[in-house]
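Survey of secondary and tertiary structure
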Amino acid sequence: MAVIPTFARNTLTAITLLSIALPLCAEQRKLSQDWLFHQGDVLGASSMAYDDHTWRKVDVPHDWSIAARSDGSAPYDPNTPGGQSSGYLPGGVGWYRRHIMLGAGDAAGIVRLEFEAVYMDADIWLNGQHLAQHHYGYTAFNVDLTGKVHAGDNVVAIRVNHADPSSRWYAGSGLIRPVSLDILDRVHLDPDSIVVSTPVATQSLAKVSTHAVVANDSAQARKVDVVSRILSSSGAVVAQSHQDKSLAAGGKSAWDETLAITNPSLWSPDSPNLYTLVQDVYVDGAITDERRTRFGARTITVDAVHGLRINGRQVLLRGGCIHHDNYMLGGAGWPDADARKVVLMKAAGYNAIRSAHNPASQATLDAADELGMLVIDEAFDMWNVSKTPMDYSRFFKQDWQQDLDSLVISGRNHPSVLFWSIGNEIPEQGTPLGIETGRKLAERVRALDPTRPVTEAVNVDTPHIADQFANLDVAGYNYNEPLFARDHQAYPQRVMFTTESTSKNAFSYWRAAETMPWVIGDFVWTSVDYLGETGIGWMGYSQDWQKLGPYPWHLAYCGEIDATGRKRPAAYYREVLWKTGIDPISAFVMQPAGTEDLPDRHLFTLTQPHTDWSLDDVHPSWTWPGQEGKPLEVVVYSEFPEVELFLNGKSVGRKTTDLDTQYKATYTLPYRAGRLVAVGYQDGRAAGQWTLRTAGKPAAIDVTPDRTQLRANAQDLAYVTIALADDNGTPIYNQGDDRQVRVRVLGAGELAGMGNGKPNDVSSFQSGRWKTFHGRVVAVVRAGMQAGPIEVQVDADGLPTRRIHLHTVSP
């Protein structure tokens, strides 16, 4: 199948939900502040007259499940219905209320309340009138308030019912993604209608096809002019057009145009160049609407002979699956937090994300557009048959089409979106019900966006599974790499890729992508760690697939990047396997026999075969007190063809690292404190090295923010890494030397959360008090609404206080 897509979205905001282009001349209010919240059910809270003055004021995005209890203790509960799946964090019922002041002119306009996601089963009232219900916790939707608002105070009330158990992972609860209010002129572009594509995109020419619907909701006929311009990243106009039509009162009409860009800057993972389509609507010479839609000029083709090609060049998907939570911020999709995961993955050599198992946030897609990350945007984890008693299958039959539409409309103008995935490990896959449901979903996606392939993640090999695959343009295989060769013989036109794989089998899964043209890539489970599915990356599932890590385990601990953003050894191996050149050589030490880094490694007695999501228990440390003179195993990952290991200047041996060794070299040597150095050789000459030093006792705190300037918008985040070091600056890693850390944030910001990535540490994320894990903890600082300085004060037991300064500026 050949696919030639290119899409984009609004450049002005990351929260436009189903509205993928934002009006400049009209008004959009980001409803991030001044929400009132009550946890638990309340009678009468939907009434405009309800007295809400005692409710807690919160900012949105908001996740009540992660919040500390009123006494400051962490919210974990070993008896919560979600149990191991939710990380022992509760759901329940919560209410939100928001007072919105409108002038007479605004109240007379087109008014839309936009939600990017509410988890889950939400009811919405305006001024006591029930207006809408939305069940799915991950899709964007809007509520039309036109003619229902009035001048003065209007009250929006929302009841959220997160009934547990609703998910196989931690979902969070509440208004988990941004909310906004759009006020439009009576003559305007339909926000959900705008589509931009490039059916031709070469080095010499890009043809840009645009589609939009203009609505005339006024009481009289209007002559409408639409002026379209395409701007380069520098703001230069590179193409423009003009078209006018007459619209009857209450009428609508489509504007379809093709513009040409000569010598375009194409979008690709290596060069994510972006353009902006500006569409101005004029009535009687006055502008009534202006929308800006960001897009990238690029083509995609997929077939079983040439694989995946972007702009004619072959691309292998170096992919990772992610869940939506942001660890110490819970399920709250703060745009900077969502974007940070994309940044971390790009820096570790990934070029693709699978949003598992729900639609990606706009912030995730924005960052992917800007950084050149490809996205598999996924709709559902279940269809008609449930995986947990209170999951979305309760609503699928009635809601699937509106939620699938939301996925596509919200994402189709992003150049980063590569494929649409209609489902993951669907229980009825391969049955008549599953095959027919898959057909309906795939057909609906193609009706909304015929330019992108449709895929599905399939994890079974049953007699009729070929009929399930037949619905798809690209076949997703979970944990079934051995089937690639066999299935190619039977279905030579089928394009395949691994939608989920394990870290332990990284070599074989990637080797399939390198050697089989019909296999276009591999997505590991997972690239970034997540809350819930406790301990799947440590003790794993029990033999009967019913049990995972017991309380206090709350993280999956299978991420190749840990929950705080630190690369684990598996990420370094993947960099070598992919030949990224980021860290071409690295060395790690196996946990010594008879010791354990964490408890419960062998909690369950298992009989093979049994899927193993655990990562190798190796560590970036040469500090092993109590192991003096005992043999330790060291593994070196290397892109170089030869490596040599040195301990305290003496060679331990030189070894080959190549395809036959899976780019690894293993050494066993007696532990002696000092300096361990791995050297890589290219053409017989030293070309790179990796050093581990024995650390002394903690003597200092290193405090490093990922940014020093934030906008005073109550949204911007700074991640502050706090790491212990000895008096020579050597990082502390030995858990025996971890310290309790206290963080205070003063001035024009606040502490939004704090965590150490340890999967069984159930400290409160809002407490500001955490013990380091392997010498490290990360705090998140959120800007306030007032510009000014922020001081972050860090104390650790027995160490000098450290202070750093950030500052916020007016947006």
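All residue numbers refer to positions counted from 1 along the written sequence of the respective chain. Note on the predicted model: pLDDT of at least 70 is required for a residue's local features to be given, and 80 or more for side-chain atom pairs to be given and counted; whole-chain, interface and lining totals, by contrast, use all residues. Calculated side-chain values reflect all of the structure's heavy atoms, with hydrogen atoms and water omitted.

**Some words on the overall build of the chain**
Filter applied, for reference: A helix here means a DSSP run of H or I that spans at least four residues, while a strand means a run of E at least two residues long, and both kinds are numbered starting from the N terminus. For the radius of gyration, the atom set is restricted to C-alpha positions; the globular benchmark scales as 2.2 Å times the number of residues to the power 0.38. Residue exposure (1.4 Å probe, protein chains only): buried if accessible area is under 20% of the type maximum, exposed if over 50%, otherwise partly exposed. Throughout, a contact is declared for two residues whenever any of their heavy atoms are within 4.5 Å. Throughout, the Shrake-Rupley method with a 1.4 Å probe supplies accessible areas, and for residues the shown protein chains are the sole cover considered. Charge counting follows a simple rule: Lys and Arg are positive, Asp and Glu are negative, and His as well as the terminal groups are ignored. To locate a charge, take NZ of a lysine, CZ of an arginine, CG of an aspartate or CD of a glutamate.
Helix and strand counts for the chain stand at 9 helices and 49 strands. Whereas a compact globule of 811 residues would reach a radius of gyration of roughly 28 Å, the chain reaches 27 Å, a difference of no more than 12%. Overall, the chain is about 90 × 65 × 55 Å in size when its C-alpha atoms are taken along their principal axes. Looking at the 811 residues of the chain, the share that counts as buried comes to 63%. Within the chain, contacts between residues at least 6 apart in sequence are counted, and of these 72% link residues at least 24 apart. Put simply, the chain shows about 28600 Å² of open surface, and 49% of that area lies on carbon and sulfur atoms. Separation between the mean location of the 73 positive side-chain charges and that of the 92 negative ones in the chain comes to 3 Å.

**Quick word on the pattern of salt bridges**
Selection rule: We count a salt bridge whenever a side-chain nitrogen from Lys or Arg sits within 4 Å of a carboxyl oxygen from Asp or Glu.
A complete count under the given rule lists 42 salt bridges for this structure. The residue lysine 567 makes a salt bridge to glutamate 575 at a minimum N-O spacing of 2.6 Å. You can call glutamate 575 buried: its relative accessible area is 0%. Residue arginine 742 pairs with aspartate 797 through a salt bridge whose shortest N-O separation is 3.0 Å. With arginine 742 in strand E44 (residues 740-747) and aspartate 797 in the loop between strand E48 (788-796) and strand E49 (799-809), this residue pair connects regions lying 55 residues apart in the sequence. Arginine 742 sits in the partly exposed class, given a relative accessible area of 24%. For aspartate 797, a relative accessible area of 35% translates into the label partly exposed. Residues joined in a network through salt bridges with shared partners are Asp336, Arg707, Arg711 and Asp716.

**Brief notes about the sheet that holds E48**
What counts is decided by this rule: Strand pairing follows a simple DSSP-based rule, namely that at least 2 bridges must link the two strands. Fitted lines through C-alpha atoms give the axes, limited to the stretch in contact for helices. The angle between two N-to-C directions lies from 0 to 180 degrees.
The strand order across the open sheet formed by 5 strands is E42-E49-E48-E44-E46, and the pairing between neighbours is mixed. The two strands at the open ends of the sheet, each matched to only one other strand, are strand E42 (709-711) and strand E46 (769-771). If you compare each strand with its neighbour and ignore which way they point, the axes differ by 30 degrees on average. Bridge count for E44 against E48 is 7 bridges, and the pairing is antiparallel. Following the sheet pairing, glycine 747 is matched in E48 by isoleucine 790.

**A short note on the side chain of aspartate 738**
Here is the rule we go by: Counting of polar contacts relies on pairs of N or O atoms within 3.5 Å, with two restrictions inside protein: one atom must be capable of donating a hydrogen and the other of accepting it, and residues adjacent in sequence are counted only when both atoms are side-chain atoms.
Counting through the fold element by element, aspartate 738 comes out in the loop between strand E43 (717-725) and E44. One buried charge, aspartate 738, has no salt-bridge partner; the nearest side chain with opposite charge is lysine 771, at 6.1 Å. From its side chain, aspartate 738 meets the backbone nitrogen of glycine 775 in a polar contact 2.7 Å long. In this structure aspartate 738 touches Leu724, Lys771, Thr772, Phe773, His774 and Gly775, once residues within four positions along its chain are discounted.

**Some thoughts on the pairing of strand E30 (residues 474-478)**
The test is simple: Seen with its strands pointing away from the viewer, a crossover is right-handed when the path leading from the first strand over the helix to the second is clockwise.
For E30, the tally of buried residues reaches 5 of 5 residues, placing the bulk of the element in the interior. Neither face of E30 is open: one carries Val474, Gly476 and Asn478, the other Ala475 and Tyr477, and all of them are buried. Here strand E29 (residues 454-458) pairs with E30 via 4 bridges, running parallel. Looking at the pairing, alanine 457 lines up with glycine 476 of E30. Examined bridge by bridge, E30 and strand E31 (residues 496-501) share 4 bridges and lie parallel to one another. Residue pairing in the sheet places asparagine 478 in a bridge with glutamate 500 of E31. Between the parallel pair E30 and E31, the chain is carried across by helix H7 (residues 483-490), and the sense of this crossover is right-handed.

**Structural notes on the packing of aromatic side chains**
Think of a pair of aromatic rings as described by two things: how far the centres are apart, and how the planes are tilted against each other in angle. Stated precisely, the cut-off is as follows: Side-chain rings of Phe, Tyr and Trp, where Trp is taken by its six-membered ring, are said to pair if the distance between their centres is within 6.5 Å; with planes under 30 degrees apart they count as stacked, over 60 as edge-to-face, and otherwise as tilted. By definition, being over a ring means that NZ of Lys or CZ of Arg is both within 6 Å of the ring centre and within 35 degrees of the ring normal.
By the definition in use, this model includes 37 aromatic pairs. With a centroid separation of 5.6 Å and an interplanar angle of 85 degrees, the aromatic rings of phenylalanine 380 and phenylalanine 396 are classed as edge-to-face. Here phenylalanine 380 is found in the loop between strand E27 (374-378) and helix H4 (396-411), whereas its partner phenylalanine 396 is found in helix H4, with 16 residues between them in sequence. This pair shows no difference in class: phenylalanine 380 is buried, exactly as phenylalanine 396 is. In this arrangement the basic side chain of lysine 567 is found over the ring face of tyrosine 572, its NZ or CZ atom lying 4.5 Å from the centre. Here the guanidinium or amino end of lysine 655 rests over the ring plane of tyrosine 667, the centre of that ring lying 4.5 Å away.

**Brief notes about helix H8 (residues 506-515)**
Inspection of H8 places Ala506, Phe507, Tyr509, Trp510, Ala512 and Ala513 among the buried residues, and these make up the whole buried set. Each element contacted by the buried residues of H8 is listed here: strand E25 (317-322), H7, E31, strand E32 (519-524) and helix H9 (569-577).

**Some details on the confidence of the model for the chain**
Note that predicted coordinates carrying low pLDDT should not be read in detail. Selection rule: Every residue is assigned a pLDDT by the predictor, reflecting its confidence on a scale from 0 to 100.
When pLDDT is averaged along the chain, the result is 95, and 97% of the positions lie at 70 or above. Here residues 1-24 is a poorly scored stretch, pLDDT under 50, and it has 139 contacts once near neighbours within four places are set aside; other chains count.

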